[in-house]
Every structure is written in C-alpha cells, then in structure tokens.
Amino acid sequence: AVPLVAAVLPAGGSGERLGGATPKQFCAVQGRPLVSYTVRAMERISWISDIIVVVSPQNVETMESIIEKYGHKRVTVVQGGLTRHRSIFNGLKVFAESELAKHLLQKPEVVIIHDAVRPFVEEDILSKVVMAAKEYGAAGAIRPLVSTVIASAADGCLDHSLERARYRASEMPQAFLFDTIYKAYQQCTDYDLDYGTECLHLALKYCETNAKLVEGPADLWKVTYKRDLYAAESIVKDNLSQEVCVIADVKEAVAQVGFLFRETLKSQIKVEAISVSLSKNNSHLQNIFSGQCYNFVCVNDKKDAIEEAQQLVDMLEKSNIPVLYPVVFVLVQLDISEKVSFSIGMEELTRIKTFAREVKKKNILVYGLLMQSK
C-alpha cells in the first residue's frame, strides 16, 4: 500500500546561471511557466496529498497567480529562506509547526523532495523512491556519470581522477520518512543549512539513515542554463506531436470523413481512429485517454458541437489523464446536408469561445473547424 505522501518543491533559486532577470522556474516554456509543468507532474498523481512550493519572498504573489491561472490543486505556497536547505526546512515545517501555515496540513508518512526545475518526472520513479524510502528511511534517484570526475593539484595540474563506473550522479526526486528528514533538519548546524546541498547526506549524518539509491530515467535533468530551456521546449513539443486520436460518430458519412483524416495523418504520426457515440461510456475511448494521448480530432455533423466538446472534457477529467502537456481538441463540424448550408450564429460562436477560454485553464486547448461538403 502506498503511504500518505506529500511533496516539497524548492523553487527559490535566483537563476543566476541562466542569465536574465527572470528566475528559471518562472521562465516560459511553450507559454507556460516551467514550475507549472513540475507542479502538474506531481498534481496528476492521486496518491500525493499535498504539494508545497517554496519560493523566495518576492515571488510568493507570482507563484500564487500561477496556481490560480492554471487551476492547480492541493498546492501550498511557502516563503523560502536564503539557501536551498533553509527553504526545504521551511517547506517541511508546514506539516509540523502550525504557526507557519494557515492551517496545519496532515503530516505525511513519506515526503518527496524534488526540484521545481525538473519538470519531466514520471510517476514510476516517484513511486520507486517513495516505496524505497518507506523501507529504508531515505531514497534518491541516481544516474550514471556522463563525464569523468578529476581533481586538480595546487599547481593547477591533474592530481587524480575517479573511476567513473564506481560513481553515480545524485538526482531528484528524493524521498524520506517525514520524521527522519525533519529530525535531521532540526539538528542541522548553520553551516549545513548555508552550504550543504545534499538532503540524503543530512539523513545519514544526523539520523544514521543510509539511503537506498534508485536508478532513474534519463529525463530527470534540471533546467540550469538557457540552453536547457530550449531543450525543455523541444521535449514538450515532441510529446505534443507524437500521437493523435480521430474520433468520429458512428454515422456512415461522419465515420468516412474520420477515416479520411486518419489516412491523411498516419503517414506523419501515430494515429488511433475510432467511431463511437459519445452518449455512451465508451471503454476504448477511456483507454486512449489513459494512454496519455494529447491530441484529438473529433468529427461530427451536429449543429451544437459545444455539447460534444463538453462531454469529451468531462470524460477526460474523469479518466484522470496526467495532463502534463496541453491537450488539444480539434472539433470538426461537418455540414453534409443538401439544404442551404447552416451557419454558426454569434451566440453559438460566443459559447464556443467562452468554453475554450475556461478549459484552457485546465491545460486543454479547443479549436473549431467547420467543413462543408457539396
């Protein structure tokens, strides 16, 4: 059984290495702040009860506005300290010291600590470090070293190098029994809080808890330099364009158009095509949602397409799809009648625009396309 789990995301960095005035965690990737992707990665996991985002005092309002704009849930913003360790300690205190929170949050059995600038963390590695922490008291993700580590002598020449195969790079996420890491921080010296960087080391030093190391995937890297922002943007775009699902109504003419869409698209990307009646709870469609497909082309011949769009959004939300990247719905409305072509009135157009604005807050982008067949 998964224990009660919370997450603390330190996001107080100044972004000096990135360059520019905006701290990296607030830089836009595909028009969305980087920290929002990381929060969403945590938020989509149902067994994480609370997400604590620790930011510098001057960025509290900025973070709160991001939470409101993108509809993040289960998130508490905490004011950070002057250093990384002091910020993490502040994040932990909201579970143990009621005067530091508007209301004391339920203390978790296990707490995840993860950098706010590592947005591509998946549930699998989070689950592995949490379960390892439950068993060993502490756990952290590691990756093989890319470069050989060398030491220089006083004269600036090579002194010695480390055997790369014996060492690993410590990454995030890390997880701890809450009582263990909180006790470690309570016993920290000012030197640890001001100059330390490794949470696993604190658990070992002050609680004699030897962390379990868990091999992590390649996408745990953090955004440190400006070039990393371009890499992050590329990953988001890549995930957005990998797969599309064409949904067509069961009516023959509509299904035929859906088939033509599929044939046109499948030479370029992976395409699923199904003909369903959205009035029924279609299990195949639910499976596609759960499979993390982010692009949908929905073909219908109904004049009131907004109701079908709402049904799709409702099904999407009920499926608990991890909406880490924007979900795209392209609503293709067919006019296949032999009568004078119908037109979309201003009232209907206003409804569609209002609906699109509302669901955009949920990371869902809605587009409409009217096609006339002669």
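Residues numbered from 1 in each chain as written. Predicted model: local features only at pLDDT ≥ 70, side-chain atom pairs only at ≥ 80, totals over all residues. Heavy atoms only, no water.

As annotated in an unreviewed UniProt entry, the chain carries the name D-ribitol-5-phosphate cytidylyltransferase and is attributed to Psilopogon haemacephalus. What UniProt records for the chain under Subcellular location (unreviewed entry) is the sentence "Cytoplasm, Cytosol". According to the UniProt record, the Sequence similarities (unreviewed entry) comment for the chain is "Belongs to the IspD/TarI cytidylyltransferase family. IspD subfamily." (UniProt positions renumbered as here; feature names shortened; annotations may be inferred.)

*Asks:* Please explain the confidence of the model for the chain as it appears in this structure.
*Replies:* One rule of thumb: low pLDDT means the predicted coordinates there are not for detailed reading. With 81% of its residues at a pLDDT of at least 70, the chain reaches an overall mean of 82. Confidence, expressed as mean pLDDT per element, reaches its minimum in the chain at helix H10 (residues 283–290) with 61 and its maximum at strand E6 (residues 110–113) with 98. (pLDDT = per-residue confidence, 0-100. Helix = DSSP H or I, 4+ residues; strand = E, 2+ residues; numbered from the N terminus.)

*Asks:* How should the packing of helix H3 (residues 84–93) against helix H5 (residues 178–187) be read in this particular structure?
*Replies:* One can describe the packing of H3 onto H5 by two numbers: an axis separation of 10 Å at closest approach and a directional angle of 130 degrees. Regarding the angle of H3 to H5, the classification is oblique. Read as a crossing pair, H3 and H5 show a hand that is left-handed. Residue-level inspection shows His85, Ile88, Phe89, Leu92 and Lys93 of H3 in contact with H5, the latter providing Phe178, Ile181, Tyr182, Tyr185 and Gln186. The residue inventory of the contact of H3 with H5, partitioned by class, reads seven nonpolar, two polar and one charged. (Axes fitted to C-alpha atoms, helices over the stretch in contact; angles between N-to-C directions. Parallel < 35°, antiparallel > 145°, perpendicular 65-115°, else oblique. Left-handed = near helix turned anticlockwise from the far one by under 90°. Contact = heavy atoms within 4.5 Å. Nonpolar A, V, L, I, M, F, W, Y, C, P; charged D, E, K, R; others polar.)

*Asks:* I'm lost on the nonpolar core in this one. Help?
*Replies:* Considering soluble globular proteins, one finds that nonpolar side chains tend to be buried as a cluster. In this structure, Met42, Ile48, Val53, Met63 and Ile112 are the most contacted members of the largest nonpolar core, which totals 37 residues. Secondary-structure elements contributing two or more residues to this core are strand E1 (5–10), helix H1 (34–43), strand E4 (48–55), helix H2 (60–69), strand E5 (75–79), E6, helix H4 (123–136) and strand E7 (138–144). Looking at which element gives the most residues to this core, the answer is H4, with six residues. Once you skip the residues sitting within four places of it in the chain, Ile112 turns out to touch Val5, Ala6, Ala7, Val8, Met42, Trp47, Ile48, Leu126, Val130, Pro173, Gln174 and Ala175. Within the second largest apolar cluster, 30 residues are counted, among which are Val8, Phe178, Tyr182 and Ala203. (Core = buried A, V, L, I, M, F, W, Y, C linked by side-chain atoms within 4.5 Å. Buried < 20%, exposed > 50% of the residue type's maximum accessible area, 1.4 Å probe, protein only.)

*Asks:* In this structure, what is going on with the packing of aromatic side chains? I would like to understand it.
*Replies:* The geometry of two aromatic rings is summed up by the distance between their centres and the angle between their planes. Applying the stated criterion across every chain yields a total of six aromatic pairs. A network of ring pairs unites the aromatic residues Phe89, Phe95, Phe178, Tyr182 and Tyr185 as a single cluster. Here Arg32 stacks its cationic end above the ring of Tyr37, 5.6 Å away from the centre of that ring. It is Lys93 that lies over the ring of Phe89; its NZ or CZ is 4.3 Å from the centre. (Phe/Tyr/Trp six-rings, centres within 6.5 Å; stacked < 30°, edge-to-face > 60°. Lys NZ or Arg CZ within 6 Å of the ring centre and 35° of its normal.)

*Asks:* What am I meant to see in helix H7 (residues 199–207) here?
*Replies:* Because an α-helix packs 3.6 residues into every turn, residues spaced three or four apart end up facing the same way. All buried positions along H7 are accounted for by Cys199, Leu200, Leu202, Ala203, Tyr206 and Cys207. Along the axis of H7, the buried residues cluster in a sector spanning 160 degrees; they form a single face. Its side-chain oxygen at 3.1 Å from the backbone nitrogen of Leu200, Glu198 defines the N-terminal cap of H7. (Arc of directions from axis to C-beta. Polar contact = N/O pair within 3.5 Å; in protein donor to acceptor, adjacent residues only side chain to side chain.)

*Asks:* I keep staring at the environment of Gln79 and nothing clicks. Help me out?
*Replies:* When you line up the elements, Gln79 lands in strand E5. Taking the C-alpha atoms as reference points, Gln79 and Pro10, separated by 69 residues in sequence, lie 10.0 Å from one another. Beyond its immediate sequence surroundings of up to four residues, Gln79 is in contact with Val54, Val55, Pro57 and Asn90.

*Asks:* I tried to follow the side chain of Thr209 on my own but got confused; where do I start?
*Replies:* For Thr209, the location among the structural elements is in the loop between H7 and strand E11 (212–215). Contacts of Thr209, omitting those with residues within four sequence positions, involve Tyr136, Gly137, Ala138, Thr180, Ala203 and Leu204.

*Asks:* Which parts of the structure should I look at to understand the packing of H5 against H7?
*Replies:* Packed helix pairs are specified by the crossing angle of their axes together with the interaxial distance, meaning the distance between the axes. Direction vectors running N to C along H5 and H7 enclose 80 degrees, while the axes themselves pass 9 Å from each other. Between H5 and H7, the interaxial angle falls into the category roughly perpendicular. Residues Thr180, Ile181, Lys183, Ala184, Tyr185 and Gln187 of H5 lie in contact with H7, whose contacting residues are Cys199, Leu202, Ala203, Tyr206 and Cys207. Partitioning the contact of H5 with H7 into residue classes produces eight nonpolar, two polar and one charged.

*Asks:* What am I meant to see in the state of the cysteines here?
*Replies:* Simply put, the disulfide is a covalent bond whose two ends are the sulfur atoms of two cysteines. For the structure on display, the rule yields zero disulfides. Cysteine Cys207 shares no disulfide, and the gap to the nearest cysteine sulfur, in Cys188, comes to 9.2 Å. (Disulfide = S-S within 2.5 Å.)

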